[in-house]
Amino acid sequence: MKKIVLSEIDLHYGKIDMPKGFEIDRDKLQSAILSSQIKNSKFPFSREWDKLITYMRDHINVEHGFILLNKETWGNVYKPKEVSIPLLNIDPIDLRNSHDYTCLYGVNVKDCSVRIHYDDKRRAGRSWDMPLKNNEFIMFPSTQMYYITNNQKDSLNFVQTITYEFV
């Protein structure tokens with residue numbers, strides 16, 4: 001008997017493990033997120049952001065053998081006990097030009113979780129919960145709807161979102 005997998009939903013997650021002396025200054029990323037939110041402007045290019053996206057592209061290429069191109073990035077601030085609206089980073093009418101992967105990076109988070117929705121054959125409406133921690137990422141296909149929840153009542157959570165095209 002043989003088996004062929006025609007489709008799968010891949011989740012990639014882990015810690016951003018930068019070499020000593022080249023760590024990402026998350027305080028600078030947090031300031032950039034706050035600034036872009038206040039000014040209602042695009043997320044600015046910075047050395048810290050470049051370190052993050054370079055690490056992600058190289059890590060995925062080496063560990064999993066595929067190439068990703070950056071499409072868009074933005075940061076969000078979540079108030080205590082806030083649950084995001086349902087998020088979906090594709091255009092269902094224009095799938096051909098939509099993003100392939102979404103990456104969430106914990107810039108400054110405390111008790112933050114991500115719920116990713118998926119269908120498993122005829123068992124539709126399933127979800128998977130994952131914690132998002134400081135200096136860690138969760139990457140998944142952009143066709144998956146997700147929510148971000150700030151579970152605690154003390155502080156803001158800062159999350160960086162990066163979308164990719166699969167090449």
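See the structure shown above.
Computed from a prediction, not measured in an experiment: that's the story for all the values here. Residue indices begin from 1 for each chain and proceed along its sequence in written order. Given that the model is predicted, a residue must reach a pLDDT of at least 70 before its local features are reported, and side-chain atom pairs must reach 80 or more before they are shown or counted; all residues, however, enter totals for whole chains, interfaces and linings. Hydrogens and waters are ignored; side-chain quantities use all the structure's heavy atoms.

Chemist: Any details on the overall build of the protein? Residues and values, ideally.
Modeler: Per the convention used, a helix needs a DSSP run of H or I reaching at least four residues, while a strand needs a run of E reaching at least two, with both numbered from the N terminus. What the protein contains, in helices and strands, is two helices and eight strands. When its helices and strands are written in sequence order, the protein yields β-α-α-β-β-β-β-β-β-β. For 167 residues, the compact-globule estimate of 2.2 N^0.38 gives 15 Å, and the protein sits close to it at 16 Å. By principal-axis analysis of the C-alpha atoms, the protein measures approximately 55 × 35 × 30 Å. Here the globule rule is a power law, 2.2 Å times the number of residues to the power 0.38, and the radius of gyration is based on C-alpha atoms.

Chemist: Could you give an account of unusual backbone geometry, naming the residues involved and the relevant values?
Modeler: Residue N40 is not a glycine yet carries a positive backbone phi of 55°. Mapped onto the elements, N40 comes out in the loop between α1 (26-39) and α2 (47-64). The phi dihedral of K81 is positive, around 65°, even though this residue is not glycine. Looking at the secondary structure, you find K81 in the loop between β2 (68-78) and β3 (101-108).

Chemist: Can you explain the packing of aromatic side chains? Please cite residues and give values.
Modeler: How two aromatic rings sit relative to each other is given by the distance of their centres and the angle of their planes. Pairing of aromatic rings covers Phe, Tyr and Trp, the last counted by its six-membered ring, and requires centre-to-centre distances within 6.5 Å; plane angles under 30 degrees mean stacked, over 60 mean edge-to-face, and any other angle means tilted. Taken as a whole and assessed by the stated rule, the structure comprises four aromatic pairs. Ring geometry for F45 against W49: centres 5.7 Å apart, planes inclined by 80°, an arrangement best described as edge-to-face. We call a residue buried when its accessible area falls under 20% of the maximum for its residue type, exposed when it is over 50%, and partly exposed in between, using a 1.4 Å probe and counting protein chains only. For F45, a relative accessible area of 60% corresponds to the exposed category. What makes W49 buried here is its relative accessible area of 11%. Residues F66 and Y101 carry aromatic rings whose centres are separated by 5.7 Å and whose planes lie at 20° to one another, so their mutual orientation is stacked. Residue F66 is found in the loop between α2 and β2, and its partner Y101 is found in strand β3; the two are separated by 35 residues along the sequence. An aromatic cluster of at least three residues, connected via ring pairs, comprises F66, Y101 and F166.

Everything listed here is a matter of geometry and, on its own, says nothing about what the molecule does.
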